[in-house]
Each structure stands twice: as C-alpha cells, then as structure tokens.
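Residues per chain are reported as follows:
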Amino acid sequence: MDDLPIFHRHQSDPVAVEMAGVPARDEAAYLARWKGFLEDEGFGKRTILADAAVAGQVISFDRDGVRELGYWIGREFWGRGIAGAAVQQYLAIELRRPLYAIVAEDNLASRRILSRCGFVEESRKADVVRCQLPGEA
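From a predicted model like this one, the values you see are computed outputs, not experimental measurements. (Residues numbered from 1 in each chain as written. Predicted model: local features only at pLDDT ≥ 70, side-chain atom pairs only at ≥ 80, totals over all residues. Heavy atoms only, no water.)

### Topic: the pattern of salt bridges
Item 1. Within the structure shown, the criterion is met by 11 salt bridges.
Item 2. The partner of Asp51 in a salt bridge is Arg80, with the nearest N and O atoms 3.0 Å apart. Here Asp51, found in the loop between strand S1 (44–50) and strand S2 (53–63), pairs with Arg80, found in the loop between strand S3 (66–73) and helix H4 (82–91); they are 29 residues apart in sequence, far enough to count as distant.
Item 3. According to the relative accessible area criterion, Arg80 is partly exposed, its value standing at 46%.
Item 4. Put simply, Arg130 and Glu122 hold a salt bridge, and the shortest N to O gap is 2.9 Å.
Item 5. On the basis of relative accessibility, which here comes to 26%, the residue Arg130 falls in the partly exposed class.
Item 6. For Glu122, a relative accessible area of 39% corresponds to the partly exposed category. (Salt bridge = Lys/Arg side-chain N within 4 Å of Asp/Glu carboxyl O. Helix = DSSP H or I, 4+ residues; strand = E, 2+ residues; numbered from the N terminus. Buried < 20%, exposed > 50% of the residue type's maximum accessible area, 1.4 Å probe, protein only.)

### So, the sheet that holds strand S5 (residues 120–125)
Item 1. The six strands are arranged S1-S2-S3-S4-S6-S5 in an open sheet whose pairing can be described as mixed. Whereas interior strands pair on both sides, the edge strands pair on one side only; in this sheet they are S1 and S5. Between one strand axis and the next, the sheet turns by 25° as a mean value, whatever way the strands run.
Item 2. Pairing of S1 with S2, which is carried by seven bridges, proceeds in the antiparallel orientation. (Pairing = 2+ DSSP bridges. Axes fitted to C-alpha atoms, helices over the stretch in contact; angles between N-to-C directions.)

### A look at the side chain of Ser60
Item 1. By the secondary structure assignment, Ser60 is in strand S2.
Item 2. For Ser60, a relative accessible area of 0% puts it in the buried group.
Item 3. Side-chain polar atoms of Ser60 contact the side chain of Arg67, separated by 3.1 Å.
Item 4. Polar side-chain contacts of Ser60 include one of 2.6 Å to the side chain of Tyr90. (Polar contact = N/O pair within 3.5 Å; in protein donor to acceptor, adjacent residues only side chain to side chain.)

### Some details on the nonpolar core
Item 1. In this structure, Leu69, Tyr71, Leu114 and Phe119 are the most contacted members of the largest nonpolar core, which totals 24 residues.
Item 2. Elements supplying a minimum of two residues to this core: S1, S2, S3, H4, strand S4 (99–104), helix H5 (108–116) and strand S6 (128–133).
Item 3. Not counting residues up to four positions away in its chain, the partners in contact with Leu114 are Leu69, Tyr71, Ala101, Val103, Phe119 and Cys131.
Item 4. With nine residues, the next largest nonpolar core counts Phe7, Trp34, Phe43 and Ile59 among its residues. (Core = buried A, V, L, I, M, F, W, Y, C linked by side-chain atoms within 4.5 Å. Contact = heavy atoms within 4.5 Å.)

### A few points about the pairing of S3
Item 1. Burial within S3 is extensive, with eight of its eight residues counted as buried.
Item 2. Here S3 shows a buried face lined by Val66, Glu68, Gly70 and Trp72 and a second buried face lined by Arg67, Leu69, Tyr71 and Ile73.
Item 3. Strand direction decides the pairing type here: S2 and S3, joined by eight bridges, are antiparallel. Bridge assignment links Arg63 to a residue of S3, and that residue is Val66.
Item 4. Joining the antiparallel neighbours S2 and S3 is a turn of two residues, in which Asp64 adopts a positive phi near 50°.
Item 5. The pairing of S3 with S4 spans two bridges and is classified as parallel. For Arg67, the partnering residue across the bridge sits in S4 and is Leu99.

See below:
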C-alpha cells in the first residue's frame, strides 16, 4: 500500500503515458484499482527497488484467457537497466507459459527489454505489438 502513491505518480507522468500509450488514471481510480489487485491472489505483483527507492512495479494477470506481464518504471529510473533486470527476475517467479505482453509499437525500449527476456513478436494491431514468451502452460 505504501508504494501506491509512487506508482500513481509514475503512471501520471505525461512523457511516460505518451510512450506507453496507456492513459493515466486519476488518483482515486488508480488506488481503487490497485486495492483490488492487492486483494487478488491470482494477480502477481512486485515492487521494483533501485538504490532502496521505489522505481516501479512488475505485474502479471489473466486477461482474455491468457497470462499477461506488465511493468512500469518511473522516468527518473529509465536508461539504467532496471526494467530489464526486474522483468528477468520476475520471470523466475512467474512460471506460467506462454506469457504475453502488450507494448506500444514505438516504445522501442520496452520492446528491447521484452526481446532480451525471450519474448517474441506475435502480432501487431494498430500501434500495438503483442509479444509472447513461449513455453508450455
């Protein structure tokens, strides 16, 4: 719970919102959504720390019959390899496969992170790329 205001600040950053292609939520809606995530044992969630500071989060969840991965890093932590390391570490605990991730087509940094972690591009629709980490369910 203590990390949620920081997560909200990260997802409210207009530069990050534009890069991710995901609209920001107001604080009340964001906190209510995360309260549900925290109560849902099927929703995987980990806070990403960098130098003892909350840098972001990595999550996994079921949507439309598949398991998806998501992550968000505060802009002040970009370009330091933190997201890639966090995703790689998270994949050691999120063992369900296949695992999918959705990323904005022009978010090259996130696409590189996913590729380095073993995800392969599965499809494109509009400005969105769907990637898959193959494997047995």
